[in-house]
Structure formats: structure tokens, C-alpha cells
Amino acid sequence: MSHESAHDPLLLLASASAGRRATLRAARIEHAVLPVDLDEEALLASTRRRAEAEGSPLTVGEQVLLLAREKAQAATSRSEGGYVVLGGDSMLELDGEPIGKPHTAEKAARQWRAMRGRTGTLHSGHWLIDDRDPADGGTGATFGATAGCAVTFAAVSDEEIDAYVATGEPLGVAGGFTIDGRAGPFITSVDGDPHAVVGLSLPLLRDLLTEIGIGVHDLWETSASPGSAPASA
């Protein structure tokens, strides 16, 4: 499948994250979207067991890169081909432990009581698969990297935590917070790439694209309606 048409996005985002899509849209990077559904907890549990048995426990950065890779691979196998596929995943690290998506209100509230008034490291894994046809310049490359930033949380009250959790917003996002949503007032500073907080580092994406001979400016919008869903195989 060729993506020579200006109306057919080259970049395929393997994520349902509203934050990642908004980041690409704000940067005027044209893209299609193909979310994938993985059992992330089961995948991480089995990989952690193998790593621990080998005496080399996974770091939080390695865990997000693993999930980003799995998402990119799943989307690549489901698409028609011809895309540059980007998978992403994020986790907050606090006291050396990963804090992912809480999923339940009880866990979200518990996480926020642990995070308030403190600084954690947000790790965002990025995995790129060049699934373009060789005739279109495809390299077949599959590789990735992580971006990180330090996030400092305000010393929020129990009342604020309960009110935030009650909105449901933190349940399905890494770390249980969204800096571009209701939790914005609860984050006092970000040290590092601010885009990494929403799960997609634009400078890192530029670096990854450069590795396969694509300039980020080559993906700038030339037509309306970026972010459409691609056809599945």
C-alpha cells in the first residue's frame, strides 16, 4: 500500500489516547489512528517473572517501552500496511515503583494520597515500525526509545482528591492524572519535555523519524481531517 497521496496520512498512531492525538493535532502532524486492546497487566506480569528469574528485573522505562512495542506490533499486523506505525505507553515512577492506570476509584484515590506533595518521574515509551513498502522508501526498521520528565504534585487535600476521582477522569490514564485536564491545577511543575507528560514526546518522535529518513515536517498537514481511522486487514 502506498501513501504517496497527500490525503492519506503516513503516520499510524497505535493508541486510543486522547492526549497523544491532541498533541499530534496541535503540532499539525497528519495521522491515522488504530487503537489496540492488549492485556497489559498480564503481559507485564509474565515479562517481569522471566526478567526476575534471569536476575535482571525490568525498570519502569523498560516496561513502558515493552508495551509501546507490543502496541505498535499489534497495529502493524492489523493494518493494510504501508504506514509508519507509532506505539506509546506511559507510567509514573514513584519510589522506584511503577504507577500505571488505576482503573478503580479506590486505587486512584490511594495513588493520589501517595503522590501529593511529591515528585515522580513520568516515563513515556515510543516504538516505531517502518511498515512502508521498499518502493516507497520503507526500511523495515523497528525500534524505540523512552522520554521522561519529573512531575511535582501539589499537596492537594482529601476533598480535592475525592472530587477529582469522582469525575472518573483519572481511572484510565497513566499515573491517574492528566495535566491537560482537571488535574492541571494539581501539578505545580514539570521538569523535562512537557509533551512527555501526555505520552508523546515530539522531540523524540522527530529523532525516531529521522532515523528512517523522514522529516517531521514531511508529516505536517496538507489536507483536512487528520486522525481518521485506517482500514484493517
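Residues numbered from 1 in each chain as written. Predicted model: local features only at pLDDT ≥ 70, side-chain atom pairs only at ≥ 80, totals over all residues. Heavy atoms only, no water.

(A) Structural context of the pattern of salt bridges. Here the structure, examined in full by the defined rule, presents eleven salt bridges. Between D95 and R118 there is a salt bridge, and its shortest N-O distance comes to 2.6 Å. Of this pair, D95 sits in the loop between β3 (84-94) and β4 (97-99) while R118 sits in the loop between α4 (105-115) and β5 (119-130), placing them 23 residues apart in sequence. E169 is the partner of R182 in a salt bridge, and the nearest nitrogen-oxygen pair spans 3.8 Å. (Salt bridge = Lys/Arg side-chain N within 4 Å of Asp/Glu carboxyl O. Helix = DSSP H or I, 4+ residues; strand = E, 2+ residues; numbered from the N terminus.)

(B) Summary view of helix α1 (residues 18-26). For α1, the complete set of buried residues consists of G19, R20, T23 and L24. Taken end-on, α1 shows its buried residues confined to a sector of 135°, consistent with a single buried face. Exposed side chains of α1 directed beyond 90 degrees from the buried face belong to A18 and A26. Looking at the buried residues of α1, the elements they touch are β1 (11-14), β2 (31-33), β3 and α6 (202-211). Measuring from the side-chain oxygen of the N-cap residue of α1 to the backbone nitrogen of G19 gives 3.3 Å; that N-cap residue is S17. Of the residues flanking the end of α1, it is R28, one or two places downstream, whose phi is positive at about 60°. (Buried < 20%, exposed > 50% of the residue type's maximum accessible area, 1.4 Å probe, protein only. Arc of directions from axis to C-beta. Contact = heavy atoms within 4.5 Å. Polar contact = N/O pair within 3.5 Å; in protein donor to acceptor, adjacent residues only side chain to side chain.)

(C) The arrangement of the packing of α4 against helix α5 (residues 158-166) in detail. One can describe the packing of α4 onto α5 by two numbers: an axis separation of 10 Å at closest approach and a directional angle of 145°. In this structure, the crossing between α4 and α5 has a hand that is right-handed. Of α5, the residues touching α4 (which contributes A105, A108, A109, W112 and R113) are D158, I161, D162, Y164 and V165. Within the contact of α4 with α5, the residues separate by chemical class into seven nonpolar, no polar and three charged. (Axes fitted to C-alpha atoms, helices over the stretch in contact; angles between N-to-C directions. Left-handed = near helix turned anticlockwise from the far one by under 90°. Nonpolar A, V, L, I, M, F, W, Y, C, P; charged D, E, K, R; others polar.)

(D) Expanded view of the environment of Q111. Along the chain, Q111 falls in helix α4. The exposure class assigned to Q111 is buried, which follows from its relative accessible area of 8%. Between the C-alpha atom of Q111 and that of L94, which follows or precedes it by 17 residues, the distance is 9.9 Å. Every residue in contact with Q111, bar those within four places of it in the chain, is listed here: I99, G100, P102, G175 and G176.

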